[in-house]
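# Inside the fold
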Amino acid sequence: MTSANAAEKRLLKALKRQPVDRVPVWLMRQAGRYLPEYRKVRAEAGGFLDLCYTPDFAEEVTLQPIRRYGFDASILFSDILVVPDALGQPVAFKEGEGPVLEPITHADGIAALKPVAVIREKLQPVYETVRRLRISLPAETTLIGFAGAPWTVATYMVGGRGSPDQAAAKAWAYRAPDEFQKLIDLLVAATIEHLSAQVEAGVEVVQLFDTWAGSLPELSFERFALKPMLEIRVALKARFPDLPVIGFPRGAGPMTAQYFRATKLDALSLDTAMSPGWARDNLQSLGCLQGNLDPLLLVAGGPEMRRQALAILDTLGKGPFIFNLGHGIVPQTPPEHVAELVEIVRGWRV
Ligand code: CP3
């Protein structure tokens with residue numbers, strides 16, 4: 001049997017708009033604190049970045065949700081903020097606080113960052129984890145690599161932490177757009193290198209997370225979210241013509257249609273607020289869609305989760321479609337609800 005054959009992997013078929021025997025499923029943040037076995041390894045590793053940079057640990061936590069649920073895809077365990085960390089802006093993850101960085105607020109701060117070439121050297125352990133996963137993952141499981149989109153990563157680099165309104169990055173982008181563009185350009189180049197190294201090590205698909213894309217007004221969205229993504233897609237396809245690229249412009253609303261058309265990505269991950277019916281009518285002819293169950297329905301479980309999961313499947317399930325959440329799994333999710341959800345998706349037929 002050649003189940004290892006890429007042509008037979010369900011998730012890759014959906015991304016290439018080929019017919020599938022059933023809807024493929026994986027979940028954003030499928031590895032993480034909701035799993036007791038993750039918390040155990042996390043405690044052993046010490047810091048969160050130690051976990052990301054130690055292939056033994058990172059491989060193990062990537063495999064944990066695959067063992068439990070047999071998802072169709074495995075997403076490399078890492079973080080979008082390893083890129084600024086590698087560029088010389090150290091990232092600390094503080095308990096209950098999320099990521100903390102020394103903010104970059106001036107052009108001098110951009111100039112002081114290391115050249116993009118350090119990415120491949122500094123992030124070697126991440127690529128080693130990928131090489132190991134290609135050996136240890138089941139043959140039918142697709143390995144997804146990822147990076148943050150430049151705008152979202154920039155919001156953390158400039159703000160120094162997560163914020164509800166991305167005010168620090170916006171202040172700079174509006175006061176001195178051409179200066180701020182230099183940071184975006186650097187991140188475009190760094191992201192291309194980081195994703196290329198992941199592909200060379202063995203990832204089969206890449207996803208770009210633009211968590212804060214939806215906070216930008218249209219003209220800034222075009223410049224700082226859409227255009228960088230187009231540049232990244234063009235560069236990746238020049239190097240790896242068959243590589244599927246998924247985008248997640250969270251909160252982009254109706255701007256999502258223009259984004260999908262202009263970037264020509266293979267697939268779009270839909271956030272929780274996106275109407276599946278609107279997405280079917282306006283987006284699905286452009287490529288594969290992925291999403292978009294509310295992660296809090298997964299916390300609740302029960303009949304309401306089933307009803308809303310089936311509604312998404314009934315609307316988008318004819319494909320091309322990949323079932324996922326509208327954002328990442330939250331720590332208070334009961335692991336048995338994930339098993340229930342996977343059963344619902346596996347049992348659904350067109
Ligand atoms: O399973 C997976 O999805 C793979 C791993 C993954 C992580 N982060 C692990 C992680 C992925 C794909 C990410 C992406 C990421 N990281 C994003 C974009 C997607 C999104 O959720 O919007 C963003 C904005 C980050 C930055 C980040 N990392 C924040 C804001 C936080 C703190 C919030 C939190 O949940 O604690 C992290 C930490 C982080 N990244 C954890 C995990 C499992 C929790 C760390 C811990 O164990 O303490």
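Located above this text is the structure these notes cover.
I will try to describe carefully the structure that is included in this document. (Residues numbered from 1 in each chain as written. Predicted model: local features only at pLDDT ≥ 70, side-chain atom pairs only at ≥ 80, totals over all residues. Heavy atoms only, no water.)

### A word on the overall build of the protein chain
The condition is simple: Going along the chain from the N terminus, every DSSP run of H or I of four or more residues is numbered as a helix, and every run of E of two or more is numbered as a strand. Here the globule rule is a power law, 2.2 Å times the number of residues to the power 0.38, and the radius of gyration is based on C-alpha atoms. The classification of residues rests on relative accessible area computed with a 1.4 Å probe and restricted to protein chains. Under 20% of the type maximum is buried, over 50% is exposed, and intermediate values are partly exposed. Only the protein chains shown count as cover for residues, and the accessible areas themselves come from Shrake-Rupley with a 1.4 Å probe. His is not counted, nor are the chain ends; Lys and Arg add positive charge and Asp and Glu add negative charge. To locate a charge, the coordinates of NZ of Lys, CZ of Arg, CG of Asp or CD of Glu are taken.
Helix and strand content of the protein chain: 17 helices and nine strands. The C-alpha radius of gyration computed for the protein chain amounts to 19 Å, which stays within 12% of the reference 20 Å derived for 350 residues, consistent with globular compactness. In terms of overall dimensions, the protein chain has C-alpha extents of about 55 × 45 × 40 Å along its principal axes. Counting the 350 residues in the protein chain, one finds 57% classified as buried. Summed over its atoms, the accessible surface of the protein chain is roughly 14,000 Å², and 55% of this surface lies on carbon and sulfur atoms. Computed over 38 positive and 39 negative side-chain charges, the inter-centroid distance for the protein chain is 3 Å.

### Some words on the environment of Cys52
If you trace the backbone, Cys52 turns up in helix H3 (residues 48-53). Spatially, the C-alpha atoms of Cys52 and Pro295 are 24 Å apart, while their sequence positions differ by 243 residues.

### Examining the sheet that holds strand S9 (residues 321-325)
Defined as follows: A pair of strands counts as paired when DSSP detects no fewer than two bridges linking them. Axis lines are fitted through C-alpha atoms, for helices just across the contact stretch, and the angle between N-to-C directions can take any value from 0 to 180 degrees. Whether two residues are in contact is decided by their heavy atoms: any pair within 4.5 Å suffices.
Across the sheet, which stays open at both edges, the seven strands sit in the order S1-S4-S5-S6-S7-S8-S9 with parallel pairing between neighbours. The open sheet has two edge strands, strand S1 (73-75) and S9, and neither has a second partner. Adjacent strand axes in the sheet meet at a mean angle of 25° when their direction is disregarded. Pairing between strand S8 (residues 288-293) and S9: five bridges, direction parallel. Its bridge partner being in S9, Gln290 is matched across the sheet by Ile322. Strands in contact with helix H12 (residues 218-239) are strand S5 (205-210) and strand S6 (245-249); relative to S5, the strand with the most contacts, it is inclined by about 165°. Most of the contacts of helix H13 (residues 255-263) go to strand S7 (residues 267-269), to which it runs at about 150°, and overall it touches S6, S7 and S8.

### Quick word on the site of the ligand
Rules: Any residue with at least one heavy atom within 4 Å of a molecule or strand is counted as near it. N or O atoms closer than or at 3.5 Å make up a polar contact, with two conditions inside protein: a donor-capable atom paired with an acceptor-capable one, and, for residues adjacent in sequence, both atoms drawn from side chains.
As a structural note, the neighbourhood of the ligand is formed by 22 residues, with Arg29, Arg33, Tyr38, Thr211 and His327 the closest of them. Tyr38 has a polar side-chain atom sitting 2.5 Å from an oxygen atom of the ligand. One of the side-chain nitrogen or oxygen atoms of His327 is found 2.6 Å away from an oxygen atom of the ligand. Starting from 870 Å² of accessible surface for the ligand in isolation, the protein chains cover 88%.

### As for the layout of surface pockets
As a reminder, the rule being used: Grid points spaced at 1 Å over the protein atoms alone were grouped into cavities, where a 1.4 Å probe fits but cannot get out, and pockets, open sets with protein on both sides within 12 Å along at least five of seven lines, with lining residues defined by an atom within 4 Å of a point. Grid points are joined across faces, edges and corners, and a volume is the space filled by probe spheres set on the points. Polarity classes work like this: nonpolar for Ala, Val, Leu, Ile, Met, Phe, Trp, Tyr, Cys and Pro, charged for Asp, Glu, Lys and Arg, and polar for all others, with Gly in that last group.
Reported here for the largest pocket is a volume of approximately 1,200 Å³. Around the largest pocket sit 41 residues that line it, and Arg29, Arg33, Asp79, Phe93 and Ile329 are the ones nearest its centre. Residue assignment for the lining of the largest pocket shows that the elements contributing at least two residues are helix H2 (36-45), strand S2 (91-94), strand S3 (98-101), helix H9 (150-159) and helix H15 (295-300). Among the residues forming the lining of the largest pocket, the class breakdown is 21 nonpolar, eleven polar and nine charged.

### A short note on the packing of helix H11 (residues 177-201) against H12
Going by this rule: Every angle not falling under 35 degrees, over 145, or within 65 to 115 is termed oblique; those three ranges are roughly parallel, roughly antiparallel and roughly perpendicular. Helix crossings fall into two classes, left-handed where the near helix is turned counterclockwise from the far one by less than a right angle and right-handed where it is turned clockwise.
Close contact between H11 and H12 brings their axes to 10 Å; oriented N to C, the two are set at 30°. Considering the angle they form, H11 stands roughly parallel to H12. For the crossing formed where H11 meets H12, the hand is right-handed. In this structure, H11 contributes Pro177, Asp178, Phe180, Gln181, Ile184, Val188, Thr191, Ile192, Glu193, Leu195 and Ser196 to the contact, and H12 contributes Arg223, Phe224, Pro228, Glu231, Ile232, Ala235, Leu236 and Arg239. Residues of the contact of H11 with H12, tallied by class, amount to eleven nonpolar, three polar and five charged.

### Quick notes on the pairing of S2
Taken together, the four bridges between S2 and S3 define a ladder with antiparallel strand orientation. Residue pairing in the sheet places Val91 in a bridge with Leu101 of S3.

### Digging into the environment of Gln166
For Gln166, the location among the structural elements is in the loop between H9 and helix H10 (167-175). Along the chain, Gln166 and Phe48 lie 118 residues apart, while their C-alpha atoms are 23 Å from each other. Sequence-distant contacts of Gln166, that is, excluding residues within four places in its chain, are made with Trp151, Thr155, Trp212 and Ser215. A distance of 3.0 Å separates a polar atom in the side chain of Gln166 from a polar atom in the side chain of Ser215.

### Thoughts on the packing of aromatic side chains
Threshold: The criterion for an aromatic pair is that two Phe, Tyr or Trp rings (for Trp, the six-membered ring) have centres within 6.5 Å, with stacked assigned to planes under 30 degrees apart, edge-to-face to planes over 60 apart and tilted to the rest.
As enumerated under the stated definition, the model contains eleven aromatic pairs in all. Ring centres of Tyr69 and Phe71 lie 5.4 Å apart, and the angle between their planes is 50°; on these two criteria the pair is classed as tilted. One exposure class covers both Tyr69 and Phe71, and it is buried. Grouping aromatic residues by their ring pairs yields a cluster made of Tyr38, Phe48, Phe77 and Phe93.

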